[in-house]
Amino acid sequence: LAGDGDVTLTAGTYYIDGELNLKKSTLTLEPSADEEVHLVVTGNINIDNDGEIAVVGDNDNAARLYTTGGSIDMKSGTVSVAGDESARFWLYGPSDLSGTMKSQSQFTGVYYAPGDRSSLNLGSQSELFGAMVTGKSDFKSGSTIHYDRAVEGMPAYSTDVTLFSYLHV
């Protein structure tokens, strides 16, 4: 994803070896009725100056964005989901992911970066619609979180992932 302009990714798995920078452009993720969209980014994510990630389509499949980078920064950026169905977009980050939303940014989805060193800071007039899992959070005056009960009880990963109940090292 380089250069100017908007990009659409349909159902499937995609990799970006480096940063994802959306500045005045839109990355559209379009899962099909049969398959999700998975996007893996090895660097930081920046959504600035009216940049947007938009999840479209009228089915129940989700778009999942995985990052191994250290930060996600939004400044006047948007993550939107058709019909405001927050359970259709998941952002997965490492245990030390540092997230910042500034200047009236909006995020619709699930921000999932469990760990004591992960964080999400919402600046003034920024809004999160959905849910978040982080080690710590900071909310400035005028920021808002709208919890979506549709994500209640949803597993963070699909059922084909093996979960450990005991590990002896």
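To keep things clear, this report deals only with the structure shown in the data block.

**Quick look at the overall build of the chain**
- Helix and strand counts for the chain come out as zero helices and 17 strands.
- Taking all 169 residues of the chain together, 41% fall into the buried category.
- Surface accessibility of the chain: about 9,200 Å² in total, with carbon and sulfur atoms responsible for 46%.

**Brief notes about the packing of aromatic side chains**
- Applying the stated criterion across every chain, the model contains five aromatic pairs.
- Here the aromatic rings of F89 and F107 are separated by 5.9 Å at their centres, their planes lie at 65°, and the arrangement is edge-to-face. Here F89 is found in strand β11 (residues 89–92), whereas its partner F107 is found in strand β13 (residues 106–112), with 18 residues between them in sequence.
- Given a relative accessible area of 1%, F89 falls into the buried group.
- Residues W90 and Y92 carry aromatic rings whose centres are separated by 5.8 Å and whose planes lie at 15° to one another, so their mutual orientation is stacked.

**What to know about the pairing of strand β8 (residues 63–67)**
- Burial analysis of β8 places four of its five residues in the buried class, which makes it a mostly covered element.
- One ladder, built from five bridges, connects strand β5 (residues 37–41) with β8; its direction is parallel. Across the sheet, the residue bridging to V40 is Y66, located in β8.

**A word on the pattern of salt bridges**
- Scanning all chains against the criterion turns up three salt bridges.
- Between R64 and E36 there is a salt bridge; the shortest N-O distance is 2.9 Å. One end of the pair, R64, is in strand β8; the other, E36, is in the loop between β4 (26–30) and β5, with 28 residues separating them in the sequence. For the pair formed by R64 and E36, the shared burial category is buried.
- Residue K140 is joined to D138 by a salt bridge in which the shortest nitrogen-to-oxygen separation is 3.0 Å.

**A few points about the side chain of D148**
- Relative to the assigned elements, D148 resides in the segment after β17 (144–147).
- Buried within the structure, D148 lacks any salt-bridge partner; R149 is the closest side chain of opposite charge, at an N-O distance of 7.8 Å.
- At 2.6 Å, the side chain of D148 forms a polar contact with the side chain of S86.
- Beyond its immediate chain neighbours, meaning those up to four positions away, D148 contacts D84, S86 and G130.

**Focus: the nonpolar core**
- Ranked by internal contacts, the top residues of the largest apolar core, which has 29 residues, are L29, I53, F89 and F107.
- Top element by residues in this core is β5. It accounts for three residues.
- When neighbours within four sequence positions are excluded, I53 is seen to be in contact with L22, L27, L29, I47, L65, T78, V79, S80 and F89.
- Grouped together as the second largest cluster of nonpolar side chains are eight residues, A62, Y112, A131 and V151 included.

**What about the side chain of S86?**
- Among the secondary structure elements, S86 is positioned in the loop between β10 (78–81) and β11.
- Judged by relative accessible area, S86 falls into the buried class, the value being 1%.
- Every residue in contact with S86, bar those within four places of it in the chain, is listed here: T108, G109, V110, F129, G130, D148 and V151.

What counts, and where the lines are drawn
- Residues numbered from 1 in each chain as written.
- Predicted model: local features only at pLDDT ≥ 70, side-chain atom pairs only at ≥ 80, totals over all residues.
- Heavy atoms only, no water.
- Helix = DSSP H or I, 4+ residues; strand = E, 2+ residues; numbered from the N terminus.
- Buried < 20%, exposed > 50% of the residue type's maximum accessible area, 1.4 Å probe, protein only.
- Areas by Shrake-Rupley, 256 points an atom, 1.4 Å probe, with all protein chains shown as cover.
- Phe/Tyr/Trp six-rings, centres within 6.5 Å; stacked < 30°, edge-to-face > 60°.
- Pairing = 2+ DSSP bridges.
- Salt bridge = Lys/Arg side-chain N within 4 Å of Asp/Glu carboxyl O.
- Lys, Arg positive; Asp, Glu negative; His and termini not counted.
- Polar contact = N/O pair within 3.5 Å; in protein donor to acceptor, adjacent residues only side chain to side chain.
- Contact = heavy atoms within 4.5 Å.
- Core = buried A, V, L, I, M, F, W, Y, C linked by side-chain atoms within 4.5 Å.

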